[in-house]
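# Structural overview for review
These are the residues of each chain, in order.
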Amino acid sequence: MNSFTALADPTRRQIVEMLAERPLAAGEIARRFTMSAPAISQHLKVLREARLVRAEVAAQQRIYELDPAGIDEVVKWIAKVRKFWGTKLDALETEIKREKRRRE
């Protein structure tokens, strides 16, 4: 699954934000939501498949944390798009200033 498709869901975005603070056990994540634990497990599965989170088994728990490789892919894509729009917005700003000076 595509990272952005996975992040389109607000529950999954919230899980990613929680894991940005620190690793959490699946049960801990589930307790922070009103939906069922199996529903949260499905969200975690989608995030794992999108390579946004990874799980480590510790005794009888699964500890989830962000997957740096998957997050880096998202960051690189955003940087690429930002660079494109940055130059376009700079050009627009120049044209607006030029038009404003022309009218004065």
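The structure contained in this document is the topic of the report that follows. These figures come from a predicted structure and were not determined experimentally.

## Looking at the pairing of strand β2 (residues 53-58)
A regular strand carries its side chains on alternate faces of the sheet. Note: β2 against strand β3 (residues 61-66), 6 bridges, orientation antiparallel. Note on β3: the bridge partner recorded for E56 is I63. Count of turn residues in the β2/β3 antiparallel hairpin: 2 residues, of which A59 carries a positive phi of about 60 degrees.

## A few points about unusual backbone geometry
The phi torsion at R51 lies on the positive side, around 65 degrees, for a residue other than glycine. If you trace the backbone, R51 turns up in the loop between α4 (37-49) and β2.

## Concerning the side chain of S3
By the element assignment, S3 lies in helix α1 (residues 3-7). At 3.4 Å, the side chain of S3 forms a polar contact with the backbone oxygen of A50.

## Some points on the environment of Q61
Here Q61 is to be found in strand β3. Spatially, the C-alpha atoms of Q61 and G27 are 8.0 Å apart, while their sequence positions differ by 34 residues. For Q61, the contacting residues outside a window of four places in its chain are A25 and E56.

## So, the sheet that holds β3
Reading across from one edge, β1-β3-β2 is the order of the 3 strands in this open sheet, with antiparallel pairing throughout. Of all the strands in the sheet, the pair left with one neighbour each is β1 (24-25) and β2. Where β1 lies against β3, 2 bridges are found, and the strand directions are antiparallel. When the bridges of β3 are listed, L24 appears paired with Y64. Where helix α2 (residues 10-21) meets the sheet, it contacts β1, β2 and β3, and its direction lies at approximately 90 degrees from that of β3.

## What about α2?
Here α2 is 12 residues long and its end C-alpha atoms lie 17 Å apart, about the 16 Å a rise of 1.5 Å per residue gives. Buried residues of α2: T11, R12, I15, V16, M18 and L19, and no others. Here the buried residues of α2 occupy an arc of 160 degrees about the axis, which is enough to place them on one side. Exposed side of α2, more than 90 degrees from the buried face: P10, E17, A20 and E21 are the residues found there. Close packing links the buried residues of α2 with α1, β1, α3 (26-31), α4, β2 and β3. If you check the start of α2, you find a side-chain oxygen 2.8 Å away from the backbone N of T11, and it comes from D9.

Scoring rules and cut-offs
- Residues numbered from 1 in each chain as written.
- Predicted model: local features only at pLDDT ≥ 70, side-chain atom pairs only at ≥ 80, totals over all residues.
- Heavy atoms only, no water.
- Pairing = 2+ DSSP bridges.
- Helix = DSSP H or I, 4+ residues; strand = E, 2+ residues; numbered from the N terminus.
- Polar contact = N/O pair within 3.5 Å; in protein donor to acceptor, adjacent residues only side chain to side chain.
- Contact = heavy atoms within 4.5 Å.
- Axes fitted to C-alpha atoms, helices over the stretch in contact; angles between N-to-C directions.
- Expected span 1.5 Å × (residues − 1).
- Buried < 20%, exposed > 50% of the residue type's maximum accessible area, 1.4 Å probe, protein only.
- Arc of directions from axis to C-beta.

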